[in-house]
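What follows is each chain in one-letter form.
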Amino acid sequence: NSGEYAISTGRSAALTNVIISNNHVNASYADGINLYNVTTATVTGNVVDGVDDDLLMIGKCTDVVASGNYLNARTDLGTTVGRGLTILGENTNILAANNVINTVKQYGIYVAAEGSTRSTQVRIVGNTVKNACVNSGSSVYINTTDNVDFIDNVVHTVRTGAIMTIADWNTL
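Not measured: the values here are computed from a predicted model.

1. Topic: the sheet that holds strand 17 (residues 154-156)
Pairing within the open sheet is parallel, and its six strands lie in the order 3-6-9-12-15-17. In this open sheet, the two edge strands, each paired with only one partner strand, are strand 3 (24-28) and strand 17. On average, each strand axis in the sheet is inclined to that of its neighbour by 5°, with strand direction left out of account. Pairing between strand 12 (residues 100-102) and strand 15 (residues 128-130): three bridges, direction parallel. Counterpart to Val100 in the pairing with strand 15 is Thr128.

Structural data, given as structure tokens:
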């Protein structure tokens, strides 16, 4: 049972060459893996199961590969917010590939600036989103982001909300 983040990087100072691989995060009251202010990172083969907020968050990063992760939200606390694979503003050259995002309270894949600089060169390839939008949201949400590739992803069993919401983008 972690506090704000189960695994967090770059909050105090910028980091370079980070590898987060083959970890199991369970029963967290907040974010599972929170990658922030990092240049060159690999996040692979992790199981994030039973996290209450963002399952995997990437923000203010450059050259990140997030692949082969299994992400599953915690739903036993009665809270209604929480996103799966979350890519927030100020990112460049992000690849999210072959991840499974299962049972998410809001957005399965969420890409947005949220008041900061737009992310650019984001590739979302071969991911599976299922049982998204338990409480609200969209299975896939892409907004205020530039140069996005969204290729060969699978979305099924949307609980509520939209399958996909796309707004304010350049080159999708």
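Picking up where we left off.
2. Quick word on the pairing of strand 6 (residues 47-51)
Where strand 3 lies against strand 6, four bridges are found, and the strand directions are parallel. Bridging across to strand 6, His24 finds its partner in Val47. Where strand 6 lies against strand 9 (residues 70-73), four bridges are found, and the strand directions are parallel. By the bridge assignment, Val48 is partnered in strand 9 with Leu71.

3. Quick word on the side chain of Lys105
Secondary-structure assignment places Lys105 in the loop between strand 12 and strand 13 (109-111). Within the local environment of Lys105, its side chain forms a polar contact with the side chain of Asp52, the two groups lying 2.5 Å apart. Leaving out residues up to four positions away in the same chain, Lys105 has contacts with Asp52, Ala73, Arg74, Thr75, Thr79, Thr80, Val81, Gly82, Cys133, Val134, Asn135 and Ser136.

4. Things to note about the packing of aromatic side chains
Enumeration according to the criterion identifies three aromatic pairs in this entry. Here Tyr107 and Tyr110 contribute two aromatic rings whose centre-to-centre distance is 4.9 Å and whose plane-to-plane angle is 55°, an arrangement assigned as tilted. This pair shows no difference in class: Tyr107 is buried, exactly as Tyr110 is. On the numbers, 4.9 Å between centres and 10° between planes, the contact of Tyr110 with Tyr141 is stacked. Here Tyr141 lies in strand 16 (residues 138-151) and Tyr110 lies in strand 13, a separation of 31 residues in the sequence. Comparing Tyr110 with Tyr141, the two get one shared label, buried. Aromatic rings pair up to connect Tyr107, Tyr110 and Tyr141 into one cluster. The ring of Tyr29 carries Arg74 above its face, with NZ or CZ at 4.6 Å from the centroid. The ring of Tyr110 has Arg83 lying over it, and the distance from NZ or CZ to the ring centre is 4.6 Å.

5. Regarding the pattern of salt bridges
Taken as a whole and judged by the stated rule, the model has six salt bridges. The salt bridge involving Arg118 is made with Asp146; its shortest N-O contact spans 3.1 Å. Of this pair, Arg118 sits in the loop between strand 13 and strand 14 (119-125) while Asp146 sits in strand 16; the two residues are 28 residues apart in sequence, bridging distant segments of the chain. Between Arg123 and Asp149 there is a salt bridge whose closest N-O contact spans 3.2 Å. You can see Arg123 sitting in strand 14 and its partner Asp149 sitting in strand 16, a full 26 residues away along the chain. A cluster of three or more residues bridged by salt bridges with shared partners is formed by Asp54, Arg83 and Glu114.

What counts as what
- Residues numbered from 1 in each chain as written.
- Predicted model: local features only at pLDDT ≥ 70, side-chain atom pairs only at ≥ 80, totals over all residues.
- Heavy atoms only, no water.
- Pairing = 2+ DSSP bridges.
- Helix = DSSP H or I, 4+ residues; strand = E, 2+ residues; numbered from the N terminus.
- Axes fitted to C-alpha atoms, helices over the stretch in contact; angles between N-to-C directions.
- Polar contact = N/O pair within 3.5 Å; in protein donor to acceptor, adjacent residues only side chain to side chain.
- Contact = heavy atoms within 4.5 Å.
- Phe/Tyr/Trp six-rings, centres within 6.5 Å; stacked < 30°, edge-to-face > 60°.
- Buried < 20%, exposed > 50% of the residue type's maximum accessible area, 1.4 Å probe, protein only.
- Lys NZ or Arg CZ within 6 Å of the ring centre and 35° of its normal.
- Salt bridge = Lys/Arg side-chain N within 4 Å of Asp/Glu carboxyl O.

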